[in-house]
Structure formats: structure tokens, C-alpha cells
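Inside the fold
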Amino acid sequence: MSTTIAQLDLDKLRHIVQKFDASSFTAAGIASEYSQGAASDEEIALIEEQLQRHAPVLGIHALPAQGSGATVWRTV
């Protein structure tokens, strides 16, 4: 993906999130879809940050924490 926050396409991110419909997902899954392949840890962290920052716009919310793993998201 090799992108910066300024280059991240929020519309593309929203479209990918909508594909998951009522299924739960993680930033790693979204990052892989966004980059159309394996995503680096840096890319996953960037996507996680954007999911947190734009959750209301994307129509998602974080599910209650299940241990110390990755944040799990779901559409509203």
C-alpha cells in the first residue's frame, strides 16, 4: 500500500468496510483488502488509526475487547 494518512482514500475505505456488512472485521482484514494483498504492520496500524478516527463516518463501532488481541469492528 505504501501510503500516508493524507493519501488514504476514505471513500475506498468506506466501500471496503461496507463489504463486510454485518460481519465483524479487524484492521488487518481491511488493510489486506485495501492493499489487495498482504499488508505490513505499518499499514495495519494506519488503517486501525483511520477506523478509530472515522468510525462514525464509516458507520462502524468497536466491539467490547476480547483479551489483548486486535480491535474487532462491526458495522452499525
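Report follows, based on the coordinates. None of the values given here were measured: they were computed from a predicted structure.

**Observations regarding the packing of aromatic side chains**
- Applying the stated rule across the entire model yields one aromatic pair.
- Aromatic pair Phe 20 and Phe 25: ring centres 5.1 Å apart, planes at 40 degrees, arrangement tilted.
- When the ring centre of Tyr 34 is taken as origin, the NZ or CZ atom of Lys 12, which lies over that ring, is 4.3 Å away.

**Looking at the environment of Thr 75**
- Following the sequence through the fold, Thr 75 ends up in strand 2 (residues 73-75).
- Taking the relative accessible area as the measure of exposure, Thr 75 reaches 19% and is therefore buried.
- Through-space distance from the C-alpha of Thr 75 to that of Asp 21 is 6.4 Å; in sequence the pair is 54 residues apart.
- Once residues lying within four places of it in the same chain are set aside, the contact partners of Thr 75 are Val 17, Asp 21, Ala 22, Phe 25, Gly 59, Ile 60 and His 61.

Rules of the game
Residues numbered from 1 in each chain as written. Predicted model: local features only at pLDDT ≥ 70, side-chain atom pairs only at ≥ 80, totals over all residues. Heavy atoms only, no water. Phe/Tyr/Trp six-rings, centres within 6.5 Å; stacked < 30°, edge-to-face > 60°. Lys NZ or Arg CZ within 6 Å of the ring centre and 35° of its normal. Helix = DSSP H or I, 4+ residues; strand = E, 2+ residues; numbered from the N terminus. Buried < 20%, exposed > 50% of the residue type's maximum accessible area, 1.4 Å probe, protein only. Contact = heavy atoms within 4.5 Å.

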